[in-house]
Amino acid sequence: MRDQARVTPFSASAGAPKIVFLTRRLDVGGAQRQLVELALGLHAAGWRVVVATFYGGGALAAQLAAAGVTTVSLGKSGRWDVFAFAARLLGLLRRERPDIVHGYLDTSNVLLALLRPFLGGSRVVWGIRASNMDLTHYDRLAAVESRFARALSRYADLLICNSEAGRSYHVARGYPAERMVVIPNGVDVQRFAPDEDARRALRAEWGLAPDDVLLGLVARLDPMKDHRSFLAAAARVATTHPRARFVCVGDGPAGYRDALQREASTLGLGGRLTWAGARGDMPAVYNALDIAVSSSSYGEGFSNSIVEAMATGVPCVVTDVGDSATIVGALGWVAPPGNSAALADAMTRAIGALPRDGKANREHVSRAYSSAALLERTIGALAPLLGGRVPLVRASMGGNNEF
């Protein structure tokens with residue numbers, strides 16, 4: 001059962017607002033999962049929702065289709081399919097005539113700003129998901145795109161950041177502070193919940209003994225997630241905790257993955273580390289963990305993996321990047337970014353606190369970071385763009401606090 005706000009749905013005759021989301025693809029990723037969470041919530045609230053993607057497919061597309069949310073692939077053929085792709089996007093927006101077009105991440109945001117003069121009365125909303133990005137780790141196009149985004153940000157009607165750190169970073173770079181709001185990510189606390197059967201099954205699949213202590217990093221393979229610091233910290237922890245085991249859940253470029261796996265082997269992690277790749281059964285993944293780790297060194301705005309783990313009752317060790325330290329508060333352990341020794345110390349302290357009752361973590365997420373709160377805050381932020389013509393969202397959430 002989904003964690004949902006109680007809403008008063010619109011009827012089509014009442015002039016339900018229409019929103020078109022734009023993103024690159026619907027693969028499994030933090031931003032994409034949040035887009036899907038929000039699209040499903042708005043759809044349930046009676047909005048007319050369309051999700052447009054640059055490329056077709058993606059693991060999350062079926063979830064939208066099953067709920068009756070319209071998805072449209074714009075059939076981009078590659079990086080240099082620019083003008084024909086933009087024409088297809090403009091054609092879609094002119095046919096749909098949405099009240100709001102909502103971009104997710106820089107590429108989508110820049111495109112919508114460039115097309116703004118041709119969109120009639122549609123209001124443009126940007127979704128900003130990162131904080132202090134280090135673009136030296138990426139190709140030149142990423143840096144060019146970032147400069148365009150900064151220059152074009154004044155053409156957005158509203159810019160929604162998912163973290164206070166992200167808002168501060170972008171305001172300092174020249175984004176219009178008066179049009180920026182912070183809406184934290186939301187997690188479905190009914191879906192991400194303790195499940196002993198799922199825990200046993202997945203730990204058995206990974207070859208773990210009942211007394212093994214499993215520390216996991218759930219993140220795509222990307223330099224900003226700093227798997228190298230996690231691996232170095234894991235090697236330190238392994239020397240003093242013989243029952244400690246480790247797992248990396250997520251995928252990325254083959255060359256980068258191979259380099260990380262070679263590094264893990266050099267560090268002597270061997271059979272104590274599982275490379276699980278991308279998985280669709282994320283509630284089971286968190287249930288299998290004893291401790292969740294976020295080792296990001298830059299760029300993180302609001303970590304989905306932290307709140308999903310906490311909703312499942314799992315304690316977290318995080319680096320002080322983005323809003324991570326704020327999210328865990330006194331319930332977790334915080335280390336400075338890029339410091340594997342400090343990260344290992346935090347992981348060791350977390351192991352020493354086991355076993356730990358996860359109820360406080362779940363209560364914290366339910367109060368502050370539920371999908372119902374995400375929906376309510378988003379509708380509240382979008383209402384001024386529509387003259388208040390939105391469904392009501394009541395603050396109470398059905399069954400949300402029953403653990």
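For the structure itself, consult the block above.
Residues numbered from 1 in each chain as written. Predicted model: local features only at pLDDT ≥ 70, side-chain atom pairs only at ≥ 80, totals over all residues. Heavy atoms only, no water.

### What to know about the overall build of the protein chain
So, point 1. For the protein chain, the count of helices and strands is 15 helices and 15 strands.
So, point 2. Its C-alpha radius of gyration of 21 Å places the protein chain within 12% of the 22 Å reference for a compact globule of 403 residues.
So, point 3. Considering only C-alpha atoms, the protein chain reaches an extent of 65 × 50 × 35 Å along its principal axes.
So, point 4. Burial analysis of the protein chain (403 residues in total) assigns 54% to the buried set.
So, point 5. For the protein chain, long-range pairs separated by at least 24 residues make up 73% of all intrachain contacts whose partners lie at least 6 apart in sequence.
So, point 6. Taken as a whole, the protein chain presents about 16,500 Å² of accessible surface, with 53% of it coming from carbon and sulfur.
So, point 7. Taking the 45 positively charged and 36 negatively charged side chains of the protein chain as two groups, their mean positions are separated by 6 Å. (Helix = DSSP H or I, 4+ residues; strand = E, 2+ residues; numbered from the N terminus. Rg over C-alpha atoms; globule rule 2.2 N^0.38 Å. Buried < 20%, exposed > 50% of the residue type's maximum accessible area, 1.4 Å probe, protein only. Contact = heavy atoms within 4.5 Å. Areas by Shrake-Rupley, 256 points an atom, 1.4 Å probe, with all protein chains shown as cover. Lys, Arg positive; Asp, Glu negative; His and termini not counted. Charge placed at Lys NZ, Arg CZ, Asp CG, Glu CD.)

### With respect to the packing of aromatic side chains
So, point 1. For the structure shown, the criterion picks out seven aromatic pairs.
So, point 2. When the ring of Trp126 is compared with that of Tyr175, the centres are 6.4 Å apart and the planes differ by 70 degrees; the resulting orientation is edge-to-face. On the criterion of sequence distance, the pair formed by Trp126 in strand S6 (residues 123-128) and Tyr175 in the loop between helix H6 (164-172) and strand S8 (180-182) is long-range, its members being 49 residues apart. Like Tyr175, Trp126 is buried.
So, point 3. Aromatic side chains Phe302 and Tyr369 sit 5.2 Å apart centroid to centroid with 70 degrees between the ring planes, which places their arrangement in the edge-to-face category. (Phe/Tyr/Trp six-rings, centres within 6.5 Å; stacked < 30°, edge-to-face > 60°.)

### A word on a nonpolar patch on the surface
So, point 1. A contiguous nonpolar surface patch, about 450 Å² in accessible area, is contributed by Trp80, Val82 and Phe83.
So, point 2. Tracing the sequence through the fold places Phe83 in helix H3 (residues 83-96). (Patch = residues over 30% accessible without salt bridge, like charges linked within 9 Å, V, L, I, M, F, W, Y side chains within 5 Å. Salt bridge = Lys/Arg side-chain N within 4 Å of Asp/Glu carboxyl O.)

### Looking at the side chain of Ser296
So, point 1. Its place among the elements puts Ser296 in the loop between strand S12 (291-294) and helix H11 (304-311).
So, point 2. At 2.6 Å, the side chain of Ser296 forms a polar contact with the side chain of Glu300.
So, point 3. Leaving out residues up to four positions away in the same chain, Ser296 has contacts with Met224, Lys225, Asp226, Thr319, Val321 and Pro337. (Polar contact = N/O pair within 3.5 Å; in protein donor to acceptor, adjacent residues only side chain to side chain.)

### Describing the pairing of strand S2 (residues 18-23)
So, point 1. Most of S2 is tucked away, with six of its six residues classed as buried.
So, point 2. Residues of S2 alternate between two faces, with Lys18, Val20 and Leu22 on one and Ile19, Phe21 and Thr23 on the opposite face, all of them buried.
So, point 3. In the sheet, S2 pairs with strand S3 (residues 48-53) via six bridges, with the strands oriented parallel. By the bridge assignment for S3, Phe21 is matched with Val51. (Pairing = 2+ DSSP bridges.)

### Here's the deal with the pattern of salt bridges
Side chains bearing opposite charge may pair, as long as their charged atoms lie close to each other.
So, point 1. Counted according to the given criterion, the structure contains 18 salt bridges.
So, point 2. One salt bridge connects Asp157 with Arg116, and the closest N-O pair in it is separated by 3.2 Å. Linking Asp157 in the loop between helix H5 (140-152) and strand S7 (158-161) with Arg116 in the loop between helix H4 (106-115) and S6, this pair joins segments that are 41 residues apart in sequence.
So, point 3. Accessibility expressed as a relative area gives 26% for Arg116, which makes it partly exposed.

### A short note on the sheet that holds strand S13 (residues 316-319)
So, point 1. Across the sheet, six strands lie side by side as S11-S10-S9-S12-S13-S14; this open sheet has parallel pairing. Of all strands in the sheet, those with a lone pairing partner are strand S11 (273-277) and strand S14 (333-335), marking the two edges. Neighbour-to-neighbour, the strand axes of the sheet open up by a mean angle of 20 degrees, direction not taken into account.
So, point 2. Note: strand S9 (residues 213-218) against strand S10 (residues 244-249), six bridges, orientation parallel. (Axes fitted to C-alpha atoms, helices over the stretch in contact; angles between N-to-C directions.)

### Description of the layout of surface pockets
So, point 1. Approximately 470 Å³ is the volume attributed to the second largest pocket.
So, point 2. Lining the second largest pocket are 24 residues, with Glu196, Arg199, Leu289, Gly313 and Arg356 positioned closest to its centre.
So, point 3. Contributions of two or more residues to the lining of the second largest pocket are made by helix H7 (196-205), helix H10 (282-288) and helix H14 (359-368).
So, point 4. The class makeup of the residues in the lining of the second largest pocket is 10 nonpolar, four polar and 10 charged. (1 Å grid on protein atoms, 1.4 Å probe; cavity = no way out; pocket = protein on both sides within 12 Å on 5 of 7 lines; lining within 4 Å. Points joined across faces, edges and corners; volume = space filled by probe spheres on them. Nonpolar A, V, L, I, M, F, W, Y, C, P; charged D, E, K, R; others polar.)

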